[in-house]
Amino acid sequence: MTGVIMIIMIVVIGGITRLTQSGLSMVKWEPIMGTLPPLNDQQWNEAFELYQGSPEFHHYNNYFALSDFKAIYFWEYLHRLIARIIGLVFIIPCIVFWIRKDFTAKTKRKVLIIFGLGTLQAVLGWVMVKSGLVDQPHVSHYRLAAHLITALGLMAYIYWVAMGLKYIVETRRKSKALRWIKWLLAGIVLQIIYGAFVAGLKAGLMYNTFPKMGTEWYPENFTRILNRQGWMSWMESGGMVQFVHRMLALTILLFSIIFWIKFRKANFSVIQQALSNFFMATILLQVILGIYTLIFAVPVELGVLHQFGAIIVLLSATTLAFSLRGKNKRDSHENI
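Presented here is an overview of the structure given in this document. (Residues numbered from 1 in each chain as written. Predicted model: local features only at pLDDT ≥ 70, side-chain atom pairs only at ≥ 80, totals over all residues. Heavy atoms only, no water.)

1. Considerations on the environment of Glu-220
In step 1: Here Glu-220 is to be found in the loop between helix H7 (176-200) and helix H8 (221-229).
In step 2: We classify Glu-220 as exposed; its relative accessible area is 54%.
In step 3: Separated by 22 residues in sequence, Glu-220 and Gln-242 place their C-alpha atoms 15 Å apart. (Helix = DSSP H or I, 4+ residues; strand = E, 2+ residues; numbered from the N terminus. Buried < 20%, exposed > 50% of the residue type's maximum accessible area, 1.4 Å probe, protein only.)

The structure is reproduced here in structure tokens:
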């Protein structure tokens, strides 16, 4: 659970890094030596000189002084530092528990999956950053989405494993509610991916009105873009990506309300009813927050809150799905 909290932290800081245009400030990836930041004037000047050779400096920030560079360096450094700490938080206890034979064979497999996903996440992060250090100071919105959804997938999987260690499922039963929440989870994941597309394409700076997009419900130029670029425009045209993000939000809201009403009428436990209420509340708040984030053209504070809201929605849906798997009992076994 400490790992889950730390991943939430790094995702939020990653959002701040992106919104403050700080993500390309560190042009070298040094997993070990890069743990410490520049500690004196000479080291700061060397780091700044490296940044001055980057496309971002030449295209956008050629007016930067050293003090400006330090401001953007901070967020990217903090982002990478927490990533290293997460690795240690996982690896050190893992080695201890493994040597002590505290893991069952099933848990060992889950631990290896977590390790694999964590490694993949680190690699994807560097591949994403490196792509913006070659010719153009931009990272692909596909790579941004892969980086984000892998982080959240890792967080959700660790969270699921942690709950599985605390609770044993005694009985399994087919439940329409479980099928509903699985479909809602799929929609939430797709919505998060499109949220990353919106961020990567800076589509949140377009059509800053709601419920209409400008003066139209469906902008006329979308048809021209679709005829020119084909169906890929639904993933590559900023305005059309924002339209999909809006429609997905409203669709998820509608089906969440239907699910919540049906759930309240069913014979579920008090805890499960509370989880359902919390899930519905997170959906409503996230939609409202998204609307305000759009209207105010994605200020850093609202942008970060909106990203944090997506995390809470995902975790609340995951918790509800876990509770619907069957009757749970506190794990009294010594081994995990």
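2. Let's talk about unusual backbone geometry
In step 1: In this chain, Phe-210 is followed by Pro-211 through a cis amide linkage whose omega measures 10°.
In step 2: Assignment of secondary structure puts Pro-211 in the loop between H7 and H8.
In step 3: Of note in the backbone geometry, Tyr-207 takes a positive phi value of approximately 50° without being a glycine.
In step 4: Position of Tyr-207 relative to the elements: it lies in the loop between H7 and H8.
In step 5: Positioned with a positive phi, Val-298 is a non-glycine residue whose angle comes to about 55°.
In step 6: Looking at where Val-298 falls in the secondary structure, it is placed in the loop between helix H11 (270-295) and helix H12 (300-323).
In step 7: Taking relative accessible area as the criterion, Val-298 reaches 26% and is therefore assigned partly exposed.

3. With respect to the pattern of salt bridges
In step 1: Using the criterion set out here, one finds two salt bridges in the structure.
In step 2: The partner of Glu-76 in a salt bridge is Arg-80, and the shortest N-O contact between them spans 2.8 Å. Here Glu-76 pairs with Arg-80, and both are found in helix H4 (residues 66-99), just four residues apart, close to one helical turn.
In step 3: A relative accessible area of 9% means that Arg-80 is categorised as buried. (Salt bridge = Lys/Arg side-chain N within 4 Å of Asp/Glu carboxyl O.)

4. With respect to the packing of helix H1 (residues 2-19) against H4
In step 1: It is the contact of H1 with H4, at a shortest axis distance of 9 Å, that shows an interaxial angle of 165°. Relative to H4, the element H1 is oriented roughly antiparallel. Helix-helix and strand crossings are classified by hand; for H1 and H4 the assignment is left-handed. The segment H1 lies against H4, with Thr-2, Met-6, Ile-7, Met-9, Ile-10, Ile-13, Gly-14, Ile-16 and Thr-17 engaging Trp-75, Glu-76, Leu-78, His-79, Ile-82, Ala-83, Ile-85, Ile-86 and Val-89.
In step 2: Across the contact of H1 with H4, the residue classes tally to 13 nonpolar, four polar and one charged. (Axes fitted to C-alpha atoms, helices over the stretch in contact; angles between N-to-C directions. Parallel < 35°, antiparallel > 145°, perpendicular 65-115°, else oblique. Left-handed = near helix turned anticlockwise from the far one by under 90°. Contact = heavy atoms within 4.5 Å. Nonpolar A, V, L, I, M, F, W, Y, C, P; charged D, E, K, R; others polar.)

5. Here's the deal with the environment of Leu-81
In step 1: Looking at where Leu-81 falls in the secondary structure, it is placed in helix H4.
In step 2: Judged by its relative accessible area of 22%, Leu-81 is partly exposed.

6. As for the packing of aromatic side chains
In step 1: Throughout the structure, instances matching the rule amount to 28 aromatic pairs.
In step 2: Taking the centre distance of 5.2 Å and the plane angle of 35° together, the rings of Tyr-51 and Phe-69 count as tilted. With Tyr-51 in helix H2 (residues 41-52) and Phe-69 in helix H4, this pair connects stretches of sequence that are 18 residues apart. No difference in accessibility class separates Tyr-51 from Phe-69, as the two residues are buried.
In step 3: Ring centres 4.2 Å apart and planes at 5° place the aromatic pair Phe-263 and Phe-268 in the stacked group. (Phe/Tyr/Trp six-rings, centres within 6.5 Å; stacked < 30°, edge-to-face > 60°.)

7. Overview of the side chain of Ser-25
In step 1: In this structure, Ser-25 sits in the loop between H1 and H2.
In step 2: For Ser-25, a relative accessible area of 2% puts it in the buried group.
In step 3: Side-chain polar atoms of Ser-25 contact the backbone oxygen of Ser-22, separated by 2.8 Å.
In step 4: Polar contacts involving the side chain of Ser-25 include one to the main-chain carbonyl oxygen of Ile-72, which spans 3.4 Å. (Polar contact = N/O pair within 3.5 Å; in protein donor to acceptor, adjacent residues only side chain to side chain.)

In short, geometric facts, not functional conclusions.
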